[in-house]
Amino acid sequence: MKIFLICLALPAFLLPAACLLYILWQAWPALSLELITGTVDAIEGQGLSFGSQQALWHQISGSLLMMLLACSLATPIALSIALFHALWASKRQKKMVLSLLQVLQSIPPIVYGLCGLVLLVHLLQWGISLAAGAVILSVIILPLLSSNIIHALERVPFEQSQAALSLGLSHMEMIVRVWLPSAWSGILTGILLAMARALSETAPILFTATVFSGIAWPESLFSPVTSLQTHIFYLAQEGSNAQATQTAWASAAVLLSLVLCLSLTAWFLRRYEESL
Amino acid sequence: MSHIQSQARPQPNQESPSFETITQPSIEIHQLSLILSDKTILHDVSLQIANTGITTLIGPSGAGKSSLLRCFNMLYDHWSGDIKINQQNIKQWQGGGDSLRQHIGLIAQKPSVFPASIYENVIFGLSRKQRKQNQDSWVEQCLIQAALWDEVKDRLQSPACTLSVGQQQRLCLARALALRPSILLLDEPTASLDPRSKQLIENVLQTLAKHIPMLCVTHDLEQAQRLQGEVIFMCDGKIIETGHSSDFFQNPNKLETREFLQWAVCECPSD
């Protein structure tokens, strides 16, 4: 029985590992410092087709910028939802909040992308822009972030909250002086996981924020931006161009390493929190 | 304005801070009823609490003893009736529940220290205004009163979680005392402690009870006798009988009290 279960579970570990190794194997010939630091202008100056060449710096910074903006928008809202859930919600309201978050989490990201296209890009006339992408990404990561912060706050012992209140601390003082110091590592873990999620979303920003070429750095919040995720998508479409395909693999390796860095930091933080 | 409200808040900057300056308040409960989730927890409870010594609340689990304490410091605030301290209804307390709770210390069954140093834990309840010069002597005074000073004086900056459970409970007591409470509520304060720590806490409480009235919930009937104060027996949210510990355990008047005491002796001979 034990061997049977291990055989069933094995693909769950082996497949991602195989994918990771395959990506690294494919990307290896193109991976170099020049891949990240090269400039668009220099490559265009050589008369080579843009995009199939190196210079991922602008795509990386575009992705990181959108991720940071999305997290800055989502974190205060998620924290408010978690505090409402912990402090004021009745049992029924708590169930409703959790169910709603689950429903929001199960909506396919492309649907969010479509909503963003209609509401933000067309109706509000933001156009394809960094702001539209960040807002849509923040909506996508909100349920995950809220759930993580709710669980982090739930791990603060009830007795500590009671002790704080019985010393005459107000709810706000209790949050600032007891809950946040006790739950900071759990909250930070949640933020890091949400960042990793924002960094790996492609479909929603494809409609709302990104362009393939002609943009080095967004001039304002309402300018389009380039991103690593959509860069891979566009390059992969150029299947006949060997150079484009190799750069796509290299971009995928860079994106993976960014997501892995965030996930590993979150994992280490969780280990630290459990050891306390 | 009542005496308690007009009395100075904790003044760590005062010369030689002392607990003996606290004046004992009069405490009355009149027709207190509490309903939680459609269940009556307290039903028309009326009593007067001695303004010195330790008043002990005994009774079976679910009798409403701990709920009564939580009504007292407004952690439960949807009760009906009156709780008066020096003739003032606590529902009309100036500054609301947060201000009231600074006057009413609560020691819970399970010691709960904050993730900070021992020193920080003692002054945790003090506001920035109250944290002034001479704070160190105030911390020392509180720790001495809680019989913890000798054990921690060399490591005040160590994390409070490094203390033993018994020491943590005394730290919680010192933390409550730092606010100069007018009343101390004790919810089974020794239930999670070993016999030595239990004895230490009982000694501390008996010393403090000369200056601060206390209301103590306990399941330990021997402890209720040792504390030598008024005893209140509660059952099903009602007060069944009250009396001084010297008479109460020897000559209980009511049938329910006799049954409970007999049952407690049979079921928990070690208690």
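In what follows, the structure referred to is the one given above.
Residues numbered from 1 in each chain as written. Chains lettered and ligands numbered in written order. Predicted model: local features only at pLDDT ≥ 70, side-chain atom pairs only at ≥ 80, totals over all residues. Heavy atoms only, no water.

### Points about the interface of chain A and chain B
- Residue-level contacts link 14 residues of chain A with 20 residues of chain B.
- Regarding the contact of chain A and chain B, the summed buried area is about 1,400 Å², with carbon and sulfur atoms giving 58% of it.
- Considering only the surface of chain A that becomes buried against chain B, S166, L167 and R177 of chain A emerge as the three largest contributors, covering 42% of it.
- Taken together, chain A and chain B are joined by zero salt bridges.
- Put simply, chain A and chain B have five residue pairs in polar contact (both at pLDDT 80 or more) between them.
- The set of elements that each furnish at least two residues to the side of chain A that touches chain B consists of α8 (158-166) and α9 (171-200) of chain A.
- In terms of residue count, α8 of chain A provides more of the side of chain A that touches chain B than any other element does, seven residues in total.
- When grouped by side-chain class, the residues that make up the side of chain A that touches chain B number six nonpolar, six polar and two charged. (Contact = heavy atoms within 4.5 Å. Buried area = accessible area lost by both parts, 1.4 Å probe. Salt bridge = Lys/Arg side-chain N within 4 Å of Asp/Glu carboxyl O. Polar contact = N/O pair within 3.5 Å; in protein donor to acceptor, adjacent residues only side chain to side chain. Helix = DSSP H or I, 4+ residues; strand = E, 2+ residues; numbered from the N terminus. Nonpolar A, V, L, I, M, F, W, Y, C, P; charged D, E, K, R; others polar.)

### Re the environment of Q31 of chain B
- Following the sequence through the fold, Q31 of chain B ends up in strand β1 (residues 27-36).
- Q31 of chain B sits 52 residues away from I83 of chain B along the chain, and the two C-alpha atoms are 8.8 Å apart.

### A word on the packing of aromatic side chains
- All told, the structure shown has nine aromatic pairs over all chains when counted by the stated rule.
- Centre to centre, the rings of F248 of chain B and F249 of chain B are 5.2 Å apart; their planes meet at 80°, and the pair counts as edge-to-face.
- Grouped by ring-pair contacts, the aromatic residues Y22, W25 and W249 of chain A constitute a single cluster.
- Sitting over the face of the ring of F124 of chain B, R177 of chain A holds its NZ or CZ atom 4.2 Å from the ring centroid.
- Above the face of the W79 of chain B ring, K91 of chain B is positioned so that its terminal group lies 4.3 Å from the ring centre. (Phe/Tyr/Trp six-rings, centres within 6.5 Å; stacked < 30°, edge-to-face > 60°. Lys NZ or Arg CZ within 6 Å of the ring centre and 35° of its normal.)

### Side note on the sheet that holds strand β3 (residues 54-58) of chain B
Residues and elements named next belong to chain B.
- Judged by pairing direction, the sheet is mixed, and its six strands sit side by side in the order β6-β7-β8-β3-β9-β10 without closing on themselves. The outermost strands of the open sheet, each flanked by one partner alone, are β6 (104-107) and β10 (238-244). Adjacent strand axes in the sheet meet at a mean angle of 20° when their direction is disregarded.
- In this sheet, strand β8 (residues 214-217) lies alongside strand β7 (residues 183-187) in parallel orientation, the contact comprising four bridges. Across the sheet, L184 pairs through a bridge with M214, a residue of β8. (Pairing = 2+ DSSP bridges. Axes fitted to C-alpha atoms, helices over the stretch in contact; angles between N-to-C directions.)

### Description of helix α2 (residues 65-72) of chain B
Residues and elements named next belong to chain B.
- Counting buried positions along α2 gives seven out of eight residues, so the element sits mostly inside the fold.
- Of the positions making up α2, those classed as buried are K65, S67, L68, L69, R70, C71 and F72.
- Backbone geometry just after α2 places M74 at a positive phi near 65°. (Buried < 20%, exposed > 50% of the residue type's maximum accessible area, 1.4 Å probe, protein only.)

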